[in-house]
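# Residue-level structural notes
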There are 2 protein chains.
Amino acid sequence: NTKKVTKLGLEVPKVSENLGEWYSQVLVKGEMIEYYDVSGCYVLRPWAYRIWELIQEWFDARIKRNPLNVRNCYFPMFVSQSALEREKEHIADFAPEVAWVTKSGETDLAEPIAIRPTSETGMYPAFSKWIQSYRDLPLKLNQWNSVVRWEFKHPQPFLRTREFLWQEGHNAYATREEAERDVLITLEKEKFAGGEFTTTCEAYVASSGRAIQGATSHYLGTNFAHMFDVHFEHPDTHEKTFVHQISFGMTTRTIGVMVMVHGDDRGLVLPPRIASIQVIIVPCGVGASTANEVKENLTKTCLDVCNRLKGNSLIDNNDENENSVAQHHKSSTIIRADTDLRDNYSPGWKFNHWELKGVPLRLEIGPKDLDRNQMVAVRRDNGEKLTISLEGCSKDDDGNDKMVVRITELLNQIQQDMYAKAEKELEENVVICRKWSECAAHLAAKRLLLIPFCGRPNCEDNIKRDTTLDDGTAEVGASTMGAKSLCVPFEQPKGDEQLKSNDQCIHPECGLTAGSFTLFGRSY
Amino acid sequence: NTKKVTKLGLEVPKVSENLGEWYSQVLVKGEMIEYYDVSGCYVLRPWAYRIWELIQEWFDARIKRNPLNVRNCYFPMFVSQSALEREKEHIADFAPEVAWVTKSGETDLAEPIAIRPTSETGMYPAFSKWIQSYRDLPLKLNQWNSVVRWEFKHPQPFLRTREFLWQEGHNAYATREEAERDVLITLEKEKFAGGEFTTTCEAYVASSGRAIQGATSHYLGTNFAHMFDVHFEHPDTHEKTFVHQISFGMTTRTIGVMVMVHGDDRGLVLPPRIASIQVIIVPCGVGASTANEVKENLTKTCLDVCNRLKGNSLIDNNDENENSVAQHHKSSTIIRADTDLRDNYSPGWKFNHWELKGVPLRLEIGPKDLDRNQMVAVRRDNGEKLTISLEGCSKDDDGNDKMVVRITELLNQIQQDMYAKAEKELEENVVICRKWSECAAHLAAKRLLLIPFCGRPNCEDNIKRDTTLDDGTAEVGASTMGAKSLCVPFEQPKGDEQLKSNDQCIHPECGLTAGSFTLFGRSY
Ligand SMILES: [Zn+2]
Ligand SMILES: [Zn+2]
């Protein structure tokens, strides 16, 4: 089995010099993705796609209910040339990356048709049609779909791909106030959705010292409304009034960030809330001399524990009920558990396998554990081992299976600890820096910088240029790239560190007053 | 308000002469779709997309669990030219309809890239990689995605579109027996999924007398396995063994069929199980002279009934609980109910509006109803009116709200009645026909034919040709088109009607023995 273990495991540790190779191996060997014969496109295998489904379920339920009340819809993946080019400024960002369909079979199309790089230009002509009165507002629509941006930069699974999955929310309001309120609610939501890996929408990858955008929520003002003529008659003034719009989006990129943030030398480390399998149960300590009866008892116990965790005894699978027009939910706790009872692999091989795949908790049960009516739980995040009583199926005061309650608590603890660890890493690596001369050293130490900044694009370009290292190679790599602005944090430094009205922008050639502390860093 | 009603309602009844116009109006005025500026593409508005979500939820849960155990994944929308053309025979069907991306921005791609018309050619190279041992089998993967077939025939929303949403299941097995078993299980599932409108995968639209494919489940044999080299080492013989494959698919076309089958002169009629709103509550009988107190009481009662139906009092919205790693379900009955409390529309206008949109049940509550502690329920499918007691919030023996139980039963009854009506329509219009001379008359009467048939494609072509009516116009329309074979029903005619071994194929020029009764009809 040694051979298998070697082949199975990662060949490189998670250190910055070979982070790219580590990332690629952990995704392929962890069965998250498969490479594909169209460059920049990857197959999302069930292990990764299930994560996306769990994120979707969570996010979708929250945007659909109060106070957001967003509804889902589907717009075509195709956008006509005239619609796409209607908003020149908007499309300028995407133009070089738009994929164009020009042929069907052997036949040239009369005019090329774009694949959506994002759906503003496809959706807002319909908004213009649907919105006539203030009573048609707010209009809040979301889509779960894929978009295409034919980038030519070096692709990386999840992080930079030519097609990616996302949701795009597009809301229109009668007033700016309502629009701004929802921008913040959505952002808040997205903080949580992406909350596995960061407290802001900009995620931080400690191993590389680079930041990456997780989710966004924009207030668009009335720009698009003017361009696509989305207006209503004001109920009081009867004047033509343009709507205020917001958009928000979260992509499969968040999965890549999660892998980067939490993974380790042994493979993936999945937060329990998004793990396809949260608990894997492995029978141990069986040898050639083990009695059949013991083996059978072990198998039975593993399956029994699994069923208890999955809440199977509590789930009502009555088909007549399920086919009813009304949805019935029975009270139950459901943990995503599975057993690995394969007899052609050793327990050691299985441990490596499920560690590589990042399952948050492993339960080991051997003949001796059976005697003591217990099992051993091993945490993936920190390797900690705990003994857990099987306790028959004894119930606590609320009638819950005590073992299931214990495992649920443990999974919640793992979730919290992983979050806290990532948060600490972020806090330790965001530094307030007021001296231009110190910026380079902080970047080299893989930190993000909070610097006094004027806010001008030109000045940002200068900062980026002057923090780029020239190591003699032509290419700008991860460890040589300059810093760009990531965001202006809601929470600005306070007390002694607070920005004063005469504080200047950090760049020596700038000389303007700094508007705020802005987060700068190397970025994906 | 008269004007609004006229504009709101359908301008044509649902009769075969203008079925196309009726269909288009019911979809646009019912807010199911919006037309789009790329031909053959349509916007699925929330009212339609929610139907798809409900179908997805139902279907997805069933294919994921025992005995199918399918897992979801995502393959890129793009397929390389070489992969697409690897399976010549397969792709021949799609070749003229494949959309090709040839440019990104202004740059020509090195080679054109196809948008998937279906994913066999994208997926099976990965199957070849993933399947090495019999232990890797069965492999059961499903995708929810959209596919593109650039047809040039007259497009119709849902029924014939250039992009459509579907699921495509692709399973590989070690043996033919396992594969065949799952073909039947899946078909069975799909029968139910499409069960709103038909008992077979071929749906029948009585108004047009035409059939349309709802869902399919194929046994593919080892054809694709040979083409894409998907094989494993047989555990006993150690020989290279090709896998047996199946595929199954269900598309948004089912929504169009549902509209065609159940809709009526007043608009959509949605089966409760897939209706975005199952119950709409409308306050009535309020005039200028109505006391404010009565109005307020009415509003309060409407909202209270709505909340009781939605099971809000029972749902645990504790956020800490929701953010737990384990999923908790509280026992509850959830009916998708809403109120229409808008004060700028009359009750009559609202009745028309929600009837047009096909809401299965309307609850009317007026001041007199309040006095009697009751409301009036109006069924959308047959117009029947019933008086329902509000009963405070009194519980039955199982502790359920009696009013909610009553409404649930009513919705289940509507579901069953709609199904039974469609089933009856189908049964009445499928006729066993043994005489060639009688076929044309049956088709003209909008029936489907069960005819003795040899099974040869050439003979099918002859049957189609010789049942096509020449009405002097160049174009073959709905009422003149010939019959094609739809399926060989599992249940063949029995008793006196049973096929005998020497029965001949129905076509006069054929002369061969009939293999089975085959269903023929005009088709979409
Ligand atoms: Zn500056
Ligand atoms: Zn024949």
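From a predicted model like this one, the values you see are computed outputs, not experimental measurements. Numbers given for residues are sequential positions, taken from 1 along each chain in its written order. Here chains are named by letter from A upward and ligands by number from 1 upward, in the order in which they appear as written. It should be noted that, the model being predicted, local features are given only for residues of pLDDT at least 70 and side-chain atom pairs only at 80 or more, the latter also being counted only at that level, while totals for whole chains, interfaces and linings use all residues. No hydrogens and no water enter the side-chain calculation; it runs on all heavy atoms of the structure.

### Side note on the interface of chain A and chain B
Condition: Contact criterion: two residues are considered in contact whenever any of their non-hydrogen atoms come within 4.5 Å of each other. Two parts lose some accessible area (1.4 Å probe) when they are put together, and adding that loss for both gives the buried area. Here, a salt bridge means any side-chain nitrogen of Lys or Arg that lies within 4 Å of a carboxyl oxygen of Asp or Glu. Distance and chemistry together define a polar contact, namely a pair of N or O atoms within 3.5 Å, with one atom able to donate a hydrogen and the other to accept it when in protein, and with adjacent residues in sequence counting only for side-chain atoms on both sides. For the purposes of this entry, the term helix denotes a DSSP run of H or I that reaches at least four residues, the term strand denotes a run of E that reaches at least two, and both are numbered from the N terminus. Throughout this entry, Asp, Glu, Lys and Arg are counted as charged residues, while Ala, Val, Leu, Ile, Met, Phe, Trp, Tyr, Cys and Pro are counted as nonpolar. The remaining residues, Gly among them, count as polar. Strand pairing is assigned whenever DSSP identifies at least 2 bridges connecting the two strands.
Counting residues at the interface gives 82 residues for chain A and 82 residues for chain B. In total, about 7,000 Å² of surface goes out of reach between chain A and chain B, with carbon and sulfur atoms giving 55% of it. Counting across the interface, chain A meets chain B through four salt bridges. At the boundary of chain A and chain B, one finds 27 residue pairs in polar contact (both at pLDDT 80 or more). For the side of chain A that touches chain B, the element with the most residues is helix 3 (residues 46-64) of chain A, which contributes nine residues. Residues of the side of chain A that touches chain B, tallied by class, amount to 40 nonpolar, 22 polar and 20 charged. In this structure, strand 5 (residues 99-104) of chain A lies alongside strand 5 (residues 99-104) of chain B, joined through five bridges in antiparallel fashion. Looking at strand 5 of chain B, one finds that A:S104 is bridged to B:A99.

### Some points on the coordination of the zinc ion (ligand 1)
Residues and elements named next belong to chain A. Condition: Each metal's donors are the N, O and S atoms within 2.8 Å of it, or within 3.2 Å when it is Na, K or Ca, and because water is not part of the set, sites may look incomplete. When a residue's accessible area, from a 1.4 Å probe over protein chains only, is under 20% of the maximum for its type it is buried; when over 50% it is exposed; and in between it is partly exposed.
Donor atoms from the polypeptide that bind the zinc ion (ligand 1) are C454 (SG), C459 (SG), C505 (SG) and C510 (SG), placed at 2.2 to 2.4 Å. All donors to the zinc ion (ligand 1) come from one chain, and their sequence spacing reads C-x4-C-x45-C-x4-C. Note that C459 is positioned in helix 16 (residues 457-467) and C510 in the loop between strand 24 (484-487) and strand 25 (516-523), a separation of 51 residues in sequence. Classification of C510 as buried rests on a relative accessible area of 14%.

### Considerations on the domain arrangement of chain A
All names here are of chain A. As a reminder of what qualifies: Residue ranges labeled as domains rest on an automatic or database domain assignment.
The domains assigned to chain A are domain 1 (19-262), domain 2 (279-312 + 334-422) and domain 3 (433-521). Taken together, the contact between domain 1 and domain 3 spans 10 residues of the former and eight residues of the latter. Between domain 1 and domain 3 lies a buried interface of about 770 Å² when both sides are counted; carbon and sulfur atoms form 68% of it. Of all residues in domain 1, E202, Y204 and R210 give up the largest surface area on contact with domain 3, accounting jointly for 47% of the area buried on that side. Summed over the shared surface of domain 1 and domain 3, the result is zero salt bridges. For the pair domain 1 and domain 3, the interface holds two residue pairs in polar contact (both at pLDDT 80 or more). Its residues placed into classes, the side of domain 1 that touches domain 3 shows five nonpolar, three polar and two charged.

### Regarding the sheet that holds strand 15 (residues 279-283) of chain A
All names here are of chain A. Heads up, the rule is: Lines fitted to C-alpha atoms define the axes, with helix axes restricted to the stretch in contact, and inter-axis angles between N-to-C directions lie between 0 and 180 degrees.
Read across the sheet, five strands follow the order 18-15-19-20-21 without closing on themselves; strand pairing throughout is mixed. Each edge of the open sheet carries a strand with a single partner, namely strand 18 (337-339) and strand 21 (385-389). Neighbour-to-neighbour, the strand axes of the sheet open up by a mean angle of 25°, direction not taken into account. Note that strand 20 (residues 374-379) and strand 21 share five bridges and pair antiparallel. The residue of strand 21 that forms the bridge with M375 is I388. Helix 12 (residues 347-356) contacts strand 15 and strand 19 (361-365) of the sheet and is inclined by roughly 170° relative to strand 15.

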